[in-house]
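Structural overview for review
Listed below, chain by chain, are the residues.
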Amino acid sequence: MKICLYGAGSSRINEEYKKTGYLLGCEIANRGHSLIFGGGSTGMMGAVSKGVNDNNGRTVGIAPQWMDNFEGISDECDRFIKTEAMEDRKRLFEEFSDAFIITPGGLGTLDEIFEIITLKKLHIHNKPIVIFNMNHFYDSMLEMIDFMIKENTIPEDNRNLFKVCYTIEETLDYIESHDESE
């Protein structure tokens, strides 16, 4: 299975997140999956891809040509795809991936989260989406979504478009058991 990772490229992210990200990458590779990601060598992207690479897994990085002006780009990918724009990058994430895992991130990650969930709502795909809520990083965002449901700005069943998980095992077990016909 090709798993897309959304997460921070920042080198300043909390070390605990990076440690958990590395272990996530190890388990992705140990379960025989490959990683599709933004190609960053730092932050969550770097930690997860290092875990995959250290365990003989396969990684595919996708990034705009100019991204190295903002963050380090991994030189350890099995394949690297350069795009013209962020829109192209996100389209290829959706096209190439069988599932999506969201880890702690910044504005770019928030953009990716809501786009991939919206595409699922619009029936563009029916792939599993997991918000890996390590250390309760996304609690405030989830509270906002619940508030929006309460205020009737989004339907309650939209909460079923993604799964919130708290462990690596729960995250990967959900993805592996997901039935796209649901």
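Being a predicted model, the structure only gives us computed values, none of them experimental.

Conventions used here
- Residues numbered from 1 in each chain as written.
- Predicted model: local features only at pLDDT ≥ 70, side-chain atom pairs only at ≥ 80, totals over all residues.
- Heavy atoms only, no water.
- Helix = DSSP H or I, 4+ residues; strand = E, 2+ residues; numbered from the N terminus.
- Phe/Tyr/Trp six-rings, centres within 6.5 Å; stacked < 30°, edge-to-face > 60°.
- Buried < 20%, exposed > 50% of the residue type's maximum accessible area, 1.4 Å probe, protein only.
- Contact = heavy atoms within 4.5 Å.
- Patch = residues over 30% accessible without salt bridge, like charges linked within 9 Å, V, L, I, M, F, W, Y side chains within 5 Å.
- Areas by Shrake-Rupley, 256 points an atom, 1.4 Å probe, with all protein chains shown as cover.
- Salt bridge = Lys/Arg side-chain N within 4 Å of Asp/Glu carboxyl O.
- Core = buried A, V, L, I, M, F, W, Y, C linked by side-chain atoms within 4.5 Å.
- Expected span 1.5 Å × (residues − 1).
- Polar contact = N/O pair within 3.5 Å; in protein donor to acceptor, adjacent residues only side chain to side chain.

1. Observations concerning unusual backbone geometry
The backbone phi angle of H123 is positive, close to 65°, even though this residue is not glycine. With respect to the element layout, H123 can be found in the loop between α4 (107-121) and β6 (129-132).

2. Comments concerning the packing of aromatic side chains
Overall, the coordinates contain four aromatic pairs when judged by the stated rule. Ring plane angle 20° and centroid distance 5.9 Å describe the contact between Y6 and F100, whose orientation is recorded as stacked. Taken together, the residues span a long stretch of sequence, with Y6 in strand β1 (residues 2-6) and F100 in strand β5 (residues 99-102) at a distance of 94 residues. Overall, the relative accessible area of 3% leaves Y6 in the buried class. Take F100: its relative accessible area is 0%, and that puts it in the buried class.

3. What about the side chain of E112?
Tracing the sequence through the fold places E112 in helix α4. When near neighbours in sequence (up to four residues on either side) are disregarded, E112 contacts Y6, R89, K90 and F93.

4. Topic: a nonpolar patch on the surface
Residues L107, L110 and F114 make up a contiguous nonpolar surface patch of roughly 300 Å² in combined accessible area. In this fold, L107 is placed in helix α4. A relative accessible area of 74% places L107 in the exposed class.

5. Some words on the nonpolar core
Counting 25 residues, the largest nonpolar core has L5, L24, I28, L35, I101 and L172 as the members making the most contacts within it. Elements that contribute at least two residues to this core include exactly β1, α1 (15-30), β2 (34-37), α2 (43-54), β5, β6 and α6 (168-177). In this view, L5 contacts L24, L35, I36, F37, M44, M45, V48, I101 and T103; residues no more than four positions away in its chain are not counted. I116, I117, L161 and V164 belong to the second-largest nonpolar core, a separate cluster that totals 23 residues.

6. Considering α1
Over its 16 residues, α1 runs 23 Å from end to end, which matches the ideal 22 Å to within 8%, given 1.5 Å per residue. Among all positions of α1, only Y17, K18, G21, L24, G25, C26, I28 and A29 are buried. Those residues of α1 that are buried are in contact with β1, β2, α2, β5, β6 and α6. Measuring from the backbone nitrogen of E16 back to the side-chain oxygen at the start of α1 gives 2.6 Å, which picks out N14 as the cap.

7. Looking at the pattern of salt bridges
Under the definition given, this model contains twelve salt bridges. A salt bridge links K18 to E15; the nearest nitrogen and oxygen atoms lie 2.8 Å apart. Of this pair, K18 and E15 both sit in helix α1, three residues apart, which is roughly one turn of that helix. Relative accessible area serves as the criterion here: at 47%, E15 is assigned to the partly exposed category. E115 serves as the salt-bridge partner of K90, at 2.8 Å between the closest nitrogen and oxygen. Taken as a pair, K90 in helix α3 (residues 86-96) and E115 in helix α4 lie far apart in primary sequence, 25 residues in all. On the accessibility criterion, K90 (12% relative accessible area) is buried. Taking relative accessible area as the criterion, E115 reaches 30% and is therefore assigned partly exposed. Within this structure, E27, R31, D173 and E176 form a network of salt bridges that share partners.

Without other data, these values stay purely geometric and don't point to any function.
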